[in-house]
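Topology and contacts: notes
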Amino acid sequence: MTIASNSSTITDADLDARFGPIFERIAEGAVEREVDRRLAHTEVGWLREAGFTALRVPTELGGLGVTVRQQFRLLIDLAAAESNLPQALRVHWWFVEDQRLASDPGQRERWLRAVADGALVGNAITEPGIGAVDRYRTVLTADGQDHLLDGTKYYSTGSLFADHIVVAADQDGARVSVLVDANAPGVTQHDDWDGFGQRTTASGTTHFKGVRVPADRILGPGYGVAGKGYGTSYLQLVQLSVLAGIAQRAADDAASYVRERTRSYTHAAADLPRHDPLVQQVIGRLSATAFSARATVLAVADVLDTVLDDALSRGGDTNEDLVDQAELASAKAQATVIDQVLDATSQLFEVGGASIVSEQRRLDRHWRNARTVAVHNPLIYKQRAIGAYVLNGDPLPYGWSAGRRDTAGGSDA
């Protein structure tokens, strides 16, 4: 089966006009939500109503049909307004891509139309302890014509915003991905994420107790399927778009602070901080970091555009050589963007005195959020993987997960 590709007919200018004002409204309440730890349910509603959650759904199924590059360009802008939201929607975007590549046309149309109508998908993949993609303790067991789902998941990012939850489970020793309704009997969600950053991503614990799962809600292996897949690079690129957005907001906030500041130091190089060449240097560095991070993310998005368009032309099958290119590009991007953004969100404090650390400003949230996003894919392991690939042609890790090291020598997938 050949699936028609979406060639975007909507321009960047059209997208900016549509979503820019919404991003501005979202940004206005970012500090208040941080202080109050208020989940952005209202703001997510604005995005749904404007079609933001259906960016990649083909136009013939009710979506906007944008390119991967256009989507990630908007994710960076949303992250600059509120860095929690692109991360909260991360698995939603991956779910949409998976449905675009689905081999079952009925499943494909059903779920893409649902997303176009506003349905939002969260996730429940990670487990405590040694839980990983080949040893989930969340289990799916047969019960007549249906199945029952039982288990506990941590870091269920975005699921408190969602209508449906993608759950990774074990079915008779095989890894499966199932889709359950967030309000189904037996589903209990908690907003108990205790990280010092990205506090309002709705990344809490989810319990499943005897949740009934019809056969048509079993979607296949999902994330973690053995072999090479686009999902690892795609999901990591969402995190990198969050970092790029944080860099932009940090640069903008630092510049705004400096423009308004009239106090300087007795040994400063100028009467006003905005005229001080040392302060100008810091602002220039922050601005350059935001530019570099954005350009890097969009360069990887271009590679993923090629991977996914090629897969659509092949009926949903991905080309392993192209997938390797995307994975390597994403890994290299991570190895540069993380250090740059963490450094920039620390250096911004050099432009001011004690007032810059005021709790009312919450400028520390930029570093805390960047640091939290960065640990989602441990940098030291990714740098090693790049080096091993370049030097020896070692395979890149796909579908990896936290838990226990794979002593067999392959990936956790």
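Higher on the page you've got the structure.
Now for a look at the structure at hand.

Thresholds applied
Residues numbered from 1 in each chain as written. Predicted model: local features only at pLDDT ≥ 70, side-chain atom pairs only at ≥ 80, totals over all residues. Heavy atoms only, no water. Helix = DSSP H or I, 4+ residues; strand = E, 2+ residues; numbered from the N terminus. Contact = heavy atoms within 4.5 Å. Buried < 20%, exposed > 50% of the residue type's maximum accessible area, 1.4 Å probe, protein only. Pairing = 2+ DSSP bridges. Axes fitted to C-alpha atoms, helices over the stretch in contact; angles between N-to-C directions. Parallel < 35°, antiparallel > 145°, perpendicular 65-115°, else oblique. Left-handed = near helix turned anticlockwise from the far one by under 90°. Nonpolar A, V, L, I, M, F, W, Y, C, P; charged D, E, K, R; others polar. Phe/Tyr/Trp six-rings, centres within 6.5 Å; stacked < 30°, edge-to-face > 60°. Core = buried A, V, L, I, M, F, W, Y, C linked by side-chain atoms within 4.5 Å. 1 Å grid on protein atoms, 1.4 Å probe; cavity = no way out; pocket = protein on both sides within 12 Å on 5 of 7 lines; lining within 4 Å. Points joined across faces, edges and corners; volume = space filled by probe spheres on them. Salt bridge = Lys/Arg side-chain N within 4 Å of Asp/Glu carboxyl O.

Structurally, the position occupied by Asp146 is in strand S3 (residues 146-153). Through-space distance from the C-alpha of Asp146 to that of Arg217 is 9.6 Å; in sequence the pair is 71 residues apart. Apart from the residues within four sequence positions on either side, Asp146 is in contact with Thr141, Arg212, Val213, Pro214 and Ala215.

Here strand S1 (residues 121-124) shows a buried face lined by Val121 and Asn123 and a second buried face lined by Gly122 and Ala124. Pairing between S1 and strand S4 (residues 164-171): 4 bridges, direction parallel. Paired with Val121 across the two strands is His164, which belongs to S4.

Another aspect to go through is the packing of helix H10 (residues 320-347) against helix H11 (residues 364-374). Taken N-terminus to C-terminus, the directions of H10 and H11 make an angle of 160 degrees; their axes are 8 Å apart at the nearest point. Our classification of the angle between H10 and H11 gives roughly antiparallel. Regarding H10 and H11, the two cross each other, and that crossing is left-handed. Across the interface between the two elements, Ile338, Val341, Leu342, Thr345 and Ser346 from H10 touch His366, Trp367, Ala370, Arg371 and Ala374 from H11. Classifying every residue of the contact of H10 with H11 gives 6 nonpolar, 3 polar and 1 charged.

Right, let's get into the packing of aromatic side chains. Taken as a whole and judged by the stated rule, the model has 10 aromatic pairs. Judged by centre distance (6.0 Å) and plane angle (20 degrees), the ring pair of Phe196 and Trp367 falls under stacked. Of this pair, Phe196 sits in the loop between strand S6 (187-189) and strand S7 (206-213) while Trp367 sits in helix H11, and the two are 171 residues apart along the sequence. The class for Trp367 is partly exposed, based on a relative accessible area of 33%.

Okay, the packing of helix H6 (residues 90-100) against helix H8 (residues 231-260) next. As a packed pair, H6 and H8 sit with axes 10 Å apart at the nearest point and diverge in direction by 145 degrees. As for how H6 packs across H8, the hand of that crossing is right-handed. When H6 is examined against H8, the residues Arg90, Val91, Trp93, Trp94 and Glu97 are found in contact with a partner set consisting of Gly231, Tyr234, Leu235, Gln236, Val238 and Gln239. Of the residues that constitute the contact of H6 with H8, the class distribution is 6 nonpolar, 3 polar and 2 charged.

As a further point, take the nonpolar core. Among the nonpolar cores identified, the biggest contains 85 residues, and Phe19, Phe52, Phe72 and Tyr234 are the most heavily contacted of them. Sequence-distant contacts of Phe72, that is, excluding residues within four places in its chain, are made with Tyr234, Leu237, Val238, Ser241, Val297, Leu298 and Ala301. If you look at the next biggest cluster of nonpolar residues, it comprises 15 residues, including Ala124, Ala184, Val187 and Phe208.

Moving on, we come to the side chain of Lys382. Structurally, Lys382 is set in helix H12 (residues 379-392). Residue contacts for Lys382: discarding those within four places in its chain leaves Glu327, Ala331, Gln334 and Asn377.

Inspection of every chain in the model, using the stated rule, returns 3 cavities of 30 Å³ or more. The space that makes up the largest cavity amounts to roughly 120 Å³. Together, 14 residues line the largest cavity, and Ala30, Glu82, Ser83, Arg365 and Asn369 are the ones closest to its centre. Counting residues per element, the ones that place at least two in the lining of the largest cavity are helix H2 (30-36), helix H4 (68-81), H8 and H11. When grouped by side-chain class, the residues that make up the lining of the largest cavity number 5 nonpolar, 5 polar and 4 charged. The computed volume of the second largest cavity comes to approximately 50 Å³. Lining the second largest cavity are Gln236, Gln239, Leu240, Leu243, Gln334, Ile338, Val373, Ala374 and Asn377. Mapped by element, the contributors of at least two residues to the lining of the second largest cavity are H8, H10 and H11. For the lining of the second largest cavity, the element with the highest residue contribution is H8, accounting for 4 residues. Here the lining of the second largest cavity is built from residues that sort into 5 nonpolar, 4 polar and no charged.

Turning our attention to the pattern of salt bridges. Here the structure, examined in full by the defined rule, presents 28 salt bridges. The salt bridge involving Arg294 is made with Asp77; its shortest N-O contact spans 2.5 Å. Placement of Arg294 in helix H9 (residues 277-313) and of Asp77 in helix H4 is noted, with a sequence separation of 217 residues between them. For Asp77, a relative accessible area of 21% puts it in the partly exposed group.

Below, the discussion takes up the pairing of S4. Counted residue by residue, S4 has 7 buried out of 8 residues, so it is predominantly covered. Following S4, the chain reverses through 2 residues before pairing antiparallel with strand S5 (residues 174-181); Asp172 in that reversal takes a positive phi of roughly 55 degrees.

Side chains that are three or four residues apart share a direction in an α-helix, a result of its 3.6 residues per turn. Restricting attention to buried positions, one finds in helix H3 (residues 41-49) the residues Glu43, Val44, Gly45, Trp46 and Leu47. Among the structural elements, helix H1 (12-28), H2, H4 and helix H5 (84-88) are those in contact with the buried residues of H3. Just downstream of H3 lies Gly51, where phi reads positive at about 90 degrees.

On to the environment of Leu148. On the secondary structure map, Leu148 appears in strand S3. Along the primary structure Leu148 and Phe208 are separated by 60 residues, whereas in three dimensions their C-alpha atoms are 9.2 Å apart. Ignoring anything within four residues of it in the chain, the contact list for Leu148 reads Val139, Leu140, Thr141, Asp143, Gly210, Val211 and Arg212.

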